[in-house]
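Descriptive structure summary
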Amino acid sequence: MPAALIEVDAVSKSFEIPSVRRETLREHLFGVLEPRKFERLQVLDRISFELKAGETLGIMGRNGCGKSTLLKILCGIYTPDAGAVRVHTGITPILELGVGWNPELDAIDNVFLIGTVMGLPLREVESRLEDILAFAEVERFARLKLKHYSSGMASRLAYAVAFHAVREVLVLDEIFAVGDEGFKAKCENRYRQLRADGHSILLVSHAPPVMAAFCDRVIVIEGGRIIADTDPASGVSCYISTTARTPAAQRESTA
Amino acid sequence: MTVSAEIRTPSTGPDRPADSAPRPSPRASANASVWGLVWTLVRTDFKARYHGTPSGFLWALLKPTAMFVVLVAVFSLIFRGEPNYKLNLIIGLFLWNFFAEATTVGMGSLAAKGFLVTKARFPRWILVVTSIANALITLVVFGAVVTVYLIATGRGPSPLAVLAFGFYIACLATIAIGLSLGSSVLFLRFRDLNQIWDMTTQAGFFLAPIVYPLGVIPERYHFYLYLWPPTPAIEFSRAAMVAGVLPTSTAHAYLALMAGGILSVGIMVFRRYAPRAAEYV
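Let us look at the structure shown here.

1. Concerning the overall build of chain A
Counting its secondary structure elements, chain A contains 9 helices and 9 strands. Each of the three principal axes of chain A carries a C-alpha extent, and together these read 55 × 50 × 45 Å. Going through the 255 residues of chain A one by one, you find that 52% of them count as buried. Long-range pairs, those at least 24 residues apart, make up 71% of the contacts in chain A between residues at least 6 apart in sequence. Of the roughly 11600 Å² that chain A leaves accessible, carbon and sulfur atoms contribute 53%. Charge-centre separation for chain A: the mean point of 30 positive side chains lies 4 Å from the mean point of 33 negative side chains.

What follows is the structure in structure tokens.
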């Protein structure tokens, strides 16, 4: 039994940003004589950490620091340039909440689609369907196409799937970001219940109170590297100090 | 998501969940979830396409039938002397329609399901292969209708001929899947590929002997026409179902090899580019 459920070993990822984007054969053909310059953007630079069983790990960092890219690599959606991710268990990834519905299908079919994509067998989706619709408070609209949903209803449904389609590890990107107070409280209760059941959770958030309240450990990423791997309180203060170092703030301090 | 999946660097790595799970139970559940996904995709595609009503499905049969009526009005005068012209025409039309629709939808399958590609790790090929299901359902229903019609009019094909017809449909479906696997990942990088394919299928409609009998073309050009995949599938189907003459085993081997070859190339291209598909969606 490995103590770590997910091992991230020196993972690096960079993107090549071309000076001109060419998305069609026509552009490539007519652009043959005009070579492009490529700028390499190092998003992640030898990131290593472990997620242990039963642990809630928070990841903080400024916008564009590579958090979402890291989560996508962990979930197997992106492949890293170097390094390895060893996943010893089932992951439920909840990324980019609220988008990713098929607007032409109703709530039930969308839940089936997302559920099976996340690796749940049909039987399990079926057995959890009622709970999901009830949690999202959309039972009355279960057969309504998603294109007729309000954005609030659509994101409540996403949260509901997130909290009920859980495998051993739950990966949450910016959860608790929207929703009214009543629904937020419901999410937090469900979240505590999952944690009490022994699920491990990887949580990305910008909100210090969320981190302080829910995480056992916090990692702070800056410039593609881990600059702190510590207890929530120190992690949050480290994160706040990085946000103070915005380019604008730096210019002010040197002026 | 997978059990014991190791995500490593290779850009050419197979884009499927590692099935290196040491215990049998997770693998069984992984299989169950793959079938659950396949079934859900086929079901929801069908529903979205036909608005969830069986009568909506009639439109799928109506489109080639309407084309048939128009073409019969024009060409049956020209090819008046041809035996079984109408029957050959409708068989050609439905096979062609399947090929054109399956390859077009297949090319756009990853782009259209991008919202799933960026959500989780699952075998991407499932999206491509299931995308041809709608077109295949239409063709199989048509095949059943034609068989019943032939039996009812006293020209029932032999069981072997029906079996052969099924084999040609399977080969054409394999070809469509092979083309779709390759084109779906390339389409993510070259977004005008669908326009090129649109032009190709427009010309290809006349390259295949659909509205005209192959016999009107000089024999020495037949070889080139047979290089276009729909041609052998259409000609062999007509021979088995209408003329009651089974093609030679060499002909069967040719079609099977063509299907296998196109599928292999499609899989190679797919394995090369699919691992980074999420970055291009």
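2. As for unusual backbone geometry
The phi torsion at Ala10 of chain A lies on the positive side, around 50°, for a residue other than glycine. As for its position among the elements, Ala10 of chain A is in strand 1 (residues 4-18). Of the residues examined, Ala10 of chain A reaches a relative accessible area of 28% and is grouped as partly exposed. Phi at Asn84 of chain B is positive, roughly 55°, even though this residue is not glycine.

3. Here we look at the interface of chain B and chain A
Contacts between the two partners involve 41 residues from chain B, matched on the other side by 52 residues from chain A. Interface area for chain B against chain A, summed over the two sides, is near 3700 Å², with a carbon-plus-sulfur share of 59%. Scanning the region where chain B abuts chain A turns up 4 salt bridges. One salt bridge connects Glu279 of chain B with Lys13 of chain A, and the closest N-O pair in it is separated by 2.7 Å. Viewed at the interface, chain A and chain B are joined by 6 residue pairs in polar contact (both at pLDDT 80 or more). Elements that contribute at least two residues to the side of chain B that touches chain A include exactly strand 1 (5-7), helix 1 (24-50), helix 5 (114-117), helix 9 (193-207) and helix 13 (277-280) of chain B. Here the side of chain B that touches chain A gets 12 residues from one element, more than from any other, and that element is helix 1 of chain B.

4. Quick word on the nonpolar core
Grouped burial of nonpolar side chains is what soluble globular proteins tend to show. Ile6, Leu157 and Phe163 of chain A together with Leu89, Phe98 and Leu116 of chain B are the most contacted members of the largest nonpolar core, which has 164 residues in total. The leading source of residues in this core is helix 8 (residues 159-189) of chain B, at 15 residues.

5. A closer look at helix 9 of chain B
Counted at 1.5 Å a residue, the expected span for helix 9 of chain B with its 15 residues is 21 Å, and the 20 Å between its end C-alpha atoms agrees. Here helix 9 of chain B has its buried residues at Leu193, Trp197, Thr201, Gly204 and Phe205 of chain B. Down the axis of helix 9 of chain B, the buried set is contained in an arc of 110°. They therefore lie on one face. Among the exposed residues of helix 9 of chain B, those oriented more than 90 degrees off its buried face are Gln195, Met199, Gln202, Ala203 and Phe206 of chain B. As for helix 9 of chain B, its buried residues are in contact with helix 1 (25-30) of chain A together with helix 2 (54-78), helix 3 (85-107) and helix 8 of chain B.

6. Structural notes on the side chain of Arg189 of chain B
In this fold, Arg189 of chain B is placed in helix 8. For the buried Arg189 of chain B, which has no salt bridge, the nearest side chain bearing the opposite charge is Glu279 of chain B, at an N-O separation of 7.4 Å.

7. Description of the sheet that holds strand 7 (residues 200-204) of chain A
Residues and elements named next belong to chain A. A sheet is described by the order of its strands in space; here 6 strands give the open sequence 5-6-7-3-8-9, paired in mixed fashion. Edge strands, defined here as strands with exactly one partner in the open sheet, are strand 5 (91-94) and strand 9 (225-230). Averaged over all adjacent pairs, the angle separating strand axes in this sheet is 15°, with direction ignored. Pairing geometry for strand 5 and strand 6 (residues 169-173), over 4 bridges, is parallel. Counted as the bridge partner of Ile91 is Val169 from strand 6. The strands touched by helix 2 (residues 67-74) within the sheet are strand 3 (56-61), strand 5, strand 6, strand 7 and strand 8 (217-222), with strand 3 carrying the most contacts at an inclination of about 140°. Docked against the sheet, helix 8 (residues 232-244) engages strand 3, strand 8 and strand 9, running at close to 20° with respect to strand 8.

8. Examining helix 3 of chain B
Within an α-helix, residues lying three or four positions from one another point in the same direction, as the helix has 3.6 residues per turn. Taking 1.5 Å as the rise per residue, helix 3 of chain B with 23 residues should run 33 Å; its terminal C-alpha atoms sit 33 Å apart, in good agreement. Most of helix 3 of chain B sits inside the fold, with 20 of its 23 residues counted as buried.

9. Examining the pattern of salt bridges
Applying the stated criterion across every chain, the model contains 24 salt bridges over all chains. With a shortest N-O distance of 3.4 Å, Asp9 of chain A and Arg86 of chain A are connected by a salt bridge. In this pair, Asp9 of chain A is assigned in strand 1 and Arg86 of chain A in strand 4 (residues 82-87), connecting sequence segments 77 residues apart. For Arg217 of chain A, the salt bridge is made with Glu55 of chain A, and the minimal N-O distance between the two is 2.9 Å. Taken together, the residues Arg217 of chain A in strand 8 and Glu55 of chain A in the loop between strand 2 (38-52) and strand 3 connect sequence positions 162 residues apart. Residue Arg217 of chain A shares its accessibility class with Glu55 of chain A, and that shared class is buried. Here the salt bridges do not stand alone but share partners, grouping Asp106, Asp109 and Arg143 of chain A together with Arg43 and Lys47 of chain B into one network.

10. Notes on the packing of helix 5 (residues 151-164) of chain A against helix 6 (residues 181-196) of chain A
All names here are of chain A. Contact geometry of helix 5 with helix 6 gives a least axis separation of 10 Å together with a crossing angle of 10°. Between helix 5 and helix 6, the angle is such that the two are roughly parallel. Residues Arg156, Tyr159, Phe163 and His164 of helix 5 touch helix 6, and the partners they reach there are Phe183, Cys187, Arg190, Tyr191 and Leu194. Residues belonging to the contact of helix 5 with helix 6 are distributed by class as follows: 6 nonpolar, 1 polar and 2 charged.

Thresholds, definitions, all that
Residues numbered from 1 in each chain as written. Chains lettered and ligands numbered in written order. Predicted model: local features only at pLDDT ≥ 70, side-chain atom pairs only at ≥ 80, totals over all residues. Heavy atoms only, no water. Helix = DSSP H or I, 4+ residues; strand = E, 2+ residues; numbered from the N terminus. Buried < 20%, exposed > 50% of the residue type's maximum accessible area, 1.4 Å probe, protein only. Contact = heavy atoms within 4.5 Å. Areas by Shrake-Rupley, 256 points an atom, 1.4 Å probe, with all protein chains shown as cover. Lys, Arg positive; Asp, Glu negative; His and termini not counted. Charge placed at Lys NZ, Arg CZ, Asp CG, Glu CD. Buried area = accessible area lost by both parts, 1.4 Å probe. Salt bridge = Lys/Arg side-chain N within 4 Å of Asp/Glu carboxyl O. Polar contact = N/O pair within 3.5 Å; in protein donor to acceptor, adjacent residues only side chain to side chain. Core = buried A, V, L, I, M, F, W, Y, C linked by side-chain atoms within 4.5 Å. Expected span 1.5 Å × (residues − 1). Arc of directions from axis to C-beta. Pairing = 2+ DSSP bridges. Axes fitted to C-alpha atoms, helices over the stretch in contact; angles between N-to-C directions. Parallel < 35°, antiparallel > 145°, perpendicular 65-115°, else oblique. Nonpolar A, V, L, I, M, F, W, Y, C, P; charged D, E, K, R; others polar.

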